[in-house]
Amino acid sequence: QVQLVESGGGLVQAGGSLRLSCVVSGSTFSMGWYRQAPGKQRELVASISTDGITNYADSVKGRFIISRDNAKNTVYLQMNSLRPQDTAVYYCNAKAGRPSIYNNYWGRGTQVTVSS
């Protein structure tokens, strides 16, 4: 069983920065962050594999950085140059198993609010 505990959300002004953290228990091959704004579908923000390969949504490229500390089983999302449209609940995600067949695990979510 994989468990995820997120931290680091909050309220910030446009142009500011926040860092999200997620501690993951259990073995995973990919970790990442998704977000869901009111009235919208959950969308991928960024993901990172065990060997450090990253993937970003176009809307956050150049502003957000995902990283992981395998020794601490922790994934981070550094969010810079935040915009009001980044406001959403951010969910930590972990994939366990193999890329061809896996289970998704989710954190409870942390609110990020960017004021204009």
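Read on for an overview of the structure.

Analysis parameters
- Residues numbered from 1 in each chain as written.
- Predicted model: local features only at pLDDT ≥ 70, side-chain atom pairs only at ≥ 80, totals over all residues.
- Heavy atoms only, no water.
- Helix = DSSP H or I, 4+ residues; strand = E, 2+ residues; numbered from the N terminus.
- Rg over C-alpha atoms; globule rule 2.2 N^0.38 Å.
- Buried < 20%, exposed > 50% of the residue type's maximum accessible area, 1.4 Å probe, protein only.
- Contact = heavy atoms within 4.5 Å.
- Lys, Arg positive; Asp, Glu negative; His and termini not counted.
- Charge placed at Lys NZ, Arg CZ, Asp CG, Glu CD.
- Core = buried A, V, L, I, M, F, W, Y, C linked by side-chain atoms within 4.5 Å.

**Overview of the overall build of the protein**
Step number 1: Assigned secondary structure in the protein consists of zero helices and eleven strands.
Step number 2: Reading the protein from its N terminus to its C terminus gives the helix and strand order β-β-β-β-β-β-β-β-β-β-β.
Step number 3: The C-alpha radius of gyration computed for the protein amounts to 13 Å, which stays within 12% of the reference 13 Å derived for 116 residues, consistent with globular compactness.
Step number 4: For the protein, the C-alpha atoms occupy an extent of roughly 40 × 25 × 25 Å along the three principal directions.
Step number 5: Residues classed as buried in the protein amount to 43% of the 116 residues present.
Step number 6: Excluding contacts between residues fewer than 6 apart, the proportion of contacts in the protein whose partners are at least 24 apart in sequence is 54%.
Step number 7: For the protein, the distance from the average position of its 12 positive side-chain charges to the average position of its 6 negative side-chain charges is 3 Å.

**Considering the side chain of S49**
Step number 1: Positionally, S49 belongs in strand β5 (residues 43–49).
Step number 2: Overall, the relative accessible area of 16% leaves S49 in the buried class.
Step number 3: If sequence neighbours within four positions are ignored, S49 has contacts with F29, S30 and R68.

**Quick notes on the nonpolar core**
Step number 1: Within the largest apolar cluster, 29 residues are counted, with the highest numbers of intra-cluster contacts made by W33, L77, M79 and Y90.
Step number 2: A total of five residues in this core trace back to one element, the largest contributor, which is strand β9 (residues 88–98).
Step number 3: In contact with L77, not counting residues within four places along its chain, are L18, R19, L20, W33, V45, A46, F64, I65, I66 and Y90.

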